[in-house]
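Residue-level structural notes
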Amino acid sequence: QKEVEQNSGPLSVPEGAIASLNCTYSDRGSQSFFWYRQYSGKSPELIMFIYSNGDKEDGRFTAQLNKASQYVSLLIRDSQPSDSATYLCASSSGAGSYQLTFGKGTKLSVIP
Amino acid sequence: GAVVSQHPSRVICKSGTSVKIECRSLDFQATTMFWYRQFPKQSLMLMATSNEGSKATYEQGVEKDKFLINHASLTLSTLTVTSAHPEDSSFYICSAPGTSGYGYTFGSGTRLTVV
């Protein structure tokens with residue numbers, strides 16, 4: 001059974017610090033990985049996706065993928081209070097119409 | 001970008017009644033729609049996958065006679081919760097593969113409360 005594991009948190013970081021969110025997955029066939037941000041009572045919004053080993057940067061966000069270790073991470077630099085949300089890691093077997101398997105999410109609190 | 005419009009955003013119904021949730025793709029054709037359910041402090045759990053013009057595929061443990069899915073057109077997929085009970089109270093979200101290959105567009109979600 002495909003599983004995506006995340007530490008549920010809460011993870012608390014001071015404003016301006018780097019927040020580090022981690023995720024592991026069980027299915028070696030997973031090809032693509034996604035980080036979603038979900039505010040309370042709202043649907044998830046895509047932050048980043050990554051499918052190649054290494055780092056991918058987009059503004060304050062950096063996603064890291066290590067397929068050998070089956071590990072995905074998200075770094076948020078210069079954390080802001082508005083970053084406070086639950087971050088969901090998800091995996092997919094491929095691009096396009098393949099379904100996503102979600103982790104339970106890590107709740108991040110950025111303290112002003 | 002691709003937008004999925006989901007309605008209603010919030011619904012309260014009496015136990016035993018049915019509720020229909022609609023998801024429309026506004027500027028693209030969604031041949032596939034994923035339906036998720038999320039309980040408080042839990043992750044999104046895939047309930048079923050609907051494909052335009054064919055029967056939906058349900059995940060293990062999801063009652064297909066209780067959660068009726070219709071995907072009659074390329075822009076509309078519906079989920080009907082029949083004979084709803086309090087344990088069906090949850091956040092229901094639809095999602096469609098976007099147009100960029102790796103993107104998945106989510107609807108805004110429906111908070112269902114069965115009293």
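Above: the structure in question.
Here the structure is a predicted model, which is why all the values come from computation and not from measurement.

Parameters at a glance
- Sequence order as written defines residue numbering, which begins from 1 separately in each chain.
- Working convention: letters from A go to chains and numbers from 1 go to ligands, in the order in which they are written.
- Given that the model is predicted, a residue must reach a pLDDT of at least 70 before its local features are reported, and side-chain atom pairs must reach 80 or more before they are shown or counted; all residues, however, enter totals for whole chains, interfaces and linings.
- For the side-chain quantities, the full set of heavy atoms in the structure was used; hydrogens and water were omitted.
- Numbering goes from the N terminus for both helices and strands, where a helix is a DSSP run of H or I of at least four residues and a strand is a run of E of at least two.
- Note on exposure labels: buried denotes an accessible area under 20% of the residue type's maximum, exposed denotes more than 50%, and partly exposed covers the range between, all computed with a 1.4 Å probe on protein chains only.
- To form a nonpolar core, buried Ala, Val, Leu, Ile, Met, Phe, Trp, Tyr and Cys residues must be joined to one another through side-chain atoms within 4.5 Å.
- In plain terms, two cysteine sulfur atoms within 2.5 Å form what is called a disulfide here.
- Throughout this description, the term salt bridge denotes a Lys or Arg side-chain nitrogen within 4 Å of a carboxyl oxygen of Asp or Glu.
- By this definition, two strands are paired if DSSP reports at least two bridges between them.
- Each axis is a line fitted through C-alpha atoms, and for a helix only the stretch in contact is used; angles between axes span 0 to 180 degrees, taken between their N-to-C directions.

Topic: unusual backbone geometry
Along the chain, A:Gly9 connects to A:Pro10 via a cis peptide bond; the corresponding omega equals 10°. A cis amide bond links B:His7 with the next residue in sequence, B:Pro8, at an omega value of -5°. Along the chain, B:Pro8 falls in the loop between β1 (4–7) and β2 (10–13). Despite not being glycine, A:Asp78 shows a phi value in the positive range, around 50°. Structurally, A:Asp78 can be placed in the loop between β8 (71–76) and β9 (85–92). Relative accessible area serves as the criterion here: at 40%, A:Asp78 is assigned to the partly exposed category.

Looking at the nonpolar core
Core analysis: the largest hydrophobic core is formed by 24 residues, its most contacted members being B:Met33, B:Trp35, B:Phe67, B:Leu79, B:Tyr92 and B:Leu112. Within the residue set of this core, elements represented by two or more residues are β2, β3 (19–25), β4 (32–38), β5 (45–51), β7 (67–73), β8 (76–81), β9 (90–97) and β11 (110–114) of chain B. Of all hydrophobic cores here, the second largest spans 22 residues; its members include A:Phe33, A:Met48, A:Ile50 and A:Ile76.

Some points on the state of the cysteines
Within the structure shown, the criterion is met by two disulfides over all chains. Between A:Cys23 and A:Cys89 runs a disulfide, and the two sulfur atoms are separated by 2.1 Å. The disulfide joining A:Cys23 to A:Cys89 has a torsion of about -70° about its S-S bond and is therefore left-handed. Residue A:Cys23 is located in strand β3 (residues 19–25), and its partner A:Cys89 is located in strand β9; the two are separated by 66 residues in the primary sequence. Owing to a relative accessible area of 1%, A:Cys23 belongs among the buried residues under this scheme. Exposure remark for A:Cys89: the relative accessible area of 1% places this residue in the buried category. Free cysteine B:Cys13: the closest other cysteine sulfur is in B:Cys23, separated by 17 Å. Classification of B:Cys13 by relative accessible area gives buried; the value is 8%.

Thoughts on the pattern of salt bridges
For the structure shown, the criterion picks out six salt bridges over all chains. In this structure, the salt-bridge partner of B:Arg24 is B:Glu22, at a minimum N-O distance of 3.6 Å. The class of B:Arg24 is partly exposed, set by a relative accessible area of 38%. Judged by relative accessible area, which is 28%, B:Glu22 ranks as partly exposed. The structure contains a network of salt bridges with shared partners spanning A:Arg37, A:Glu45, A:Arg60 and A:Asp83.

Topic: the sheet that holds β3(A)
Residue and element names in this part refer to chain A. Here we have five strands laid out as an open sheet, ordered β1-β3-β8-β7-β6, and antiparallel in their pairing. Each having just a single partner strand, β1 (4–6) and β6 (54–58) make up the two edges of the open sheet. Across the sheet, the axes of successive neighbouring strands diverge by a mean angle of 20°, strand direction being ignored. Strand direction decides the pairing type here: strand β7 (residues 61–66) and β8, joined by six bridges, are antiparallel. If you follow Gln64 over to β8, its bridge partner there is Ser73.

Quick word on the pairing of strand β11 (residues 106–111) of chain A
Residues and elements named next belong to chain A. Only one face of β11 is buried, namely the one carrying Thr106, Leu108 and Val110, since none of Lys107, Ser109 and Ile111 on the opposite face is buried. Pairing geometry for strand β2 (residues 11–14) and β11, over four bridges, is parallel. Looking at the pairing, Val13 lines up with Val110 of β11. Pairing geometry for β9 and β11, over three bridges, is antiparallel. Across the sheet, residue Tyr87 finds its bridge partner in β11, namely Thr106.

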